[in-house]
Amino acid sequence: MEPTHGQCAPDHTPAAYDRGVTPAATAQTASPTAPEAAPEAAETTGAVADGEDRPASEPERSGVAEIVRRRLLPFEARLDPYSWLATGVIVLIAGILRLVNLDRPKGLIFGEVYYPTDAWDMLQHGVEWDEKNNGPAYVVHPPLGKWMIAIGEQIFGYNEWGWRISGAVIGTLSILIMIRVARRMFHSTVLGCAAGLLMALDGFHLVLSRIALLDIFLMFFIVAAFGTLVMDRDSRRARWLRALEGGLDPTAPGPAGRLPIGVPWWRIATFALLGCACAVKWSAIWFVPVFVLMIVLWEVGARRSAGVARPWRDTFIGETGWLALGGVVMVLTYTASWSGWFFTDEGYFRHWLADNGQSEPPIIGPLRNLWHYHVEAYKFHSGLDDKHQYQSWPWQWLLLGRPIAFHWTTDGACGASSCASHILLLGTPLLWWSFIPALVALTWFGIARRDWRAGAILLSVAAALLPWFYFATQHRTMFAFYALPAEPFLVLAVVYVLGAIMNPARSLATSDGGGSTESGVDRRMVGAVVAGAYVLLVAVCFAYFYPIYVGQFIPYEDWSARMWLGSRWI
């Protein structure tokens, strides 16, 4: 039975998955008449510790039950100066780590032999260019990531700073987004900053921010799309709450029981960012159905919390059109990234129809040519099975089973008789080896507490990683950096668990007053110490491996000591 406007939810139906409150509330149902309800709602997996940011709690008004208000009330503290100060400090640390000595090592390393050259040619010709044949080059990745590299080259020239600066800036901005998204999800500045700091101190993210590959741009657009998706969730719930306060009866039939029409701008932005992600690499496409599923489930949950009698039907009626519009926006955004190809006559397959004796009408002709290009590129990706020294399989990625050596030389000085400079694409081991236990714990919390945050994180990790397991069955050549889009969500999984450790849910057995409050404080203190110690250990681990993330010359013995898994890391 659904709660109607102004009514309390039945005690036996917590429906915690659609709450904008705490997952700990699933342990004992909140009630607007129970004095323990508000304190319980503050204990969360991404919990709000004493002194942390909390969503505003207002007394029941306009006939809206407190439990309904608590479920729909979004987290609003955007202007909190302390949270922005903490955010700024972490972003500054991340930026320094990514920008210092960015021009070292000199020259093109690993995949830089492709993308900086393509980006420079796009500045000259509008499309990728084959210098040897003096004609258009056949490439199999969309152009947006290369255009972003080209921005740096346009400013600084065709040199190390030019082709690496865009990745460093975008990598730093991704950490800014990470902090604000995690803070909004967990209602905690401490946990938001922990998420950003863990990502800032991850060697995997650092290395890919300091080399001109495409994956850092792919990850940026995906995490930005996730951020706007979370904003859309909060925005939509806020609209429902305002409507209920304004007298909307969600049980009324037809349009009278629905929200007034309003453009979901955050959702439109989500689809535009997904279009940008696909315009960097096609692997972003797997996030599209996952994010659409989240939208549907969150909309159903919001309607259920508001008291809509048939939330699934109402969601279908109210959201199908907006989802279709979002799909159009995504396609248009992706197509716009090919503007250089459209507005010149020199792109590969640009006049494929005419070259094969067929008519090429305006608009339709170029689109058919672009479609043929995509078909041929897909054939290339599907048949890519060449062996490579540093290829790896998806089940190795989270275990750091086969990192990639981007750079290696012994020709340098370090004050010892034998020196080495190494850039190894290796995640900070203590952090990455925490990912699988964190996912297991997150799955448990998600099932036990029916927390929307756990579901969102797990679905996003699945979108980033599971498709590669299928391609592994086709023996496709793959590399560890394909895992980068999963990293923000893996870090969120760790932070979720840290929040659970810092703020454990109150046991039913401690509701008899007396020592329960003191016991809860003690547990939170112990949890905070454990979580803080973990973050500190990650920082120490990162500092230890830092020389092989940035190519510093160190004694050969020191380099060898860092090869924990021996030949697997060499």
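Every value quoted in this text rests on a predicted model; they were computed, and no experiment measured them.

Peer 1: Please clarify how the overall build of the protein chain should be interpreted in this entry.
Peer 2: The helix and strand tally for the protein chain stands at 22 helices and five strands. Buried positions account for 57% of the 570 residues belonging to the protein chain. Sequence-distant contacts in the protein chain: of pairs separated by 6 or more residues, those separated by 24 or more amount to 76%. As displayed, the protein chain has an accessible area near 23800 Å², and 65% of this comes from carbon and sulfur atoms.

Peer 1: How do you make sense of unusual backbone geometry when you look at a structure like this?
Peer 2: Trans is the prevailing form of peptide bonds, just as negative phi is the prevailing case for residues other than glycine. In this model, R104 is joined to P105 through a cis peptide bond whose omega is 0°. Position of P105 among the secondary structure elements: in the loop between helix 3 (81–99) and helix 4 (115–125). Look at L400: it is not a glycine, yet its phi comes out positive at around 60°. You can see L400 is positioned in the loop between helix 16 (394–397) and strand 3 (404–409). Phi is positive for H475, which is not a glycine, with a value near 60°. One can find H475 in the loop between helix 19 (452–473) and helix 20 (487–502). When its relative accessible area of 56% is taken as the criterion, H475 is described as exposed.

Peer 1: Help me understand the packing of aromatic side chains, please; the structure alone is not making it clear to me.
Peer 2: Each aromatic ring pair is described using two quantities: the centre-to-centre distance and the angle formed by the ring planes. Here the structure, examined in full by the defined rule, presents 47 aromatic pairs. When the ring of W341 is compared with that of F342, the centres are 5.3 Å apart and the planes differ by 85°; the resulting orientation is edge-to-face. Here W341 falls in the buried class, since its relative accessible area comes to 4%. In this structure F342 comes out as buried when scored by relative accessible area, which is 17%. An aromatic cluster of at least three residues, connected via ring pairs, comprises F110, W397, F406, W468, Y470, F471, F479, F481 and Y482.

Peer 1: I keep staring at the nonpolar core and nothing clicks. Help me out?
Peer 2: Judged by nonpolar contacts, the single largest core of 140 residues is most densely connected at L198, F226, F406 and I457. Examining the composition of this core, we find that 13 residues originate from one element, helix 9 (residues 215–245), more than from any other. Aside from chain neighbours lying at most four places away, what touches F226 is V181, M185, F291, M294, A456, S460, F489 and L492. With 15 residues, the next largest nonpolar core counts I67, V68, L73 and W240 among its residues.

Peer 1: What's the story with the state of the cysteines in this structure? I'm lost.
Peer 2: By definition, a disulfide links two cysteine residues through a covalent bond between their sulfur atoms. Under the criterion given, the structure shown has one disulfide. Paired through a disulfide, C414 and C419 show a sulfur-sulfur distance of 2.0 Å. Taking the sign of the S-S torsion, -85° for the link of C414 and C419, the bridge is left-handed. Residue classification places C419 among the buried residues on the basis of a relative accessible area of 4%. Here C278 stays unpaired: no disulfide links it, and the sulfur of C276, its closest cysteine neighbor, is 9.5 Å away.

The rules behind these values
- Residues numbered from 1 in each chain as written.
- Predicted model: local features only at pLDDT ≥ 70, side-chain atom pairs only at ≥ 80, totals over all residues.
- Heavy atoms only, no water.
- Helix = DSSP H or I, 4+ residues; strand = E, 2+ residues; numbered from the N terminus.
- Buried < 20%, exposed > 50% of the residue type's maximum accessible area, 1.4 Å probe, protein only.
- Contact = heavy atoms within 4.5 Å.
- Areas by Shrake-Rupley, 256 points an atom, 1.4 Å probe, with all protein chains shown as cover.
- Phe/Tyr/Trp six-rings, centres within 6.5 Å; stacked < 30°, edge-to-face > 60°.
- Core = buried A, V, L, I, M, F, W, Y, C linked by side-chain atoms within 4.5 Å.
- Disulfide = S-S within 2.5 Å.

This is a description of form; function is not addressed.
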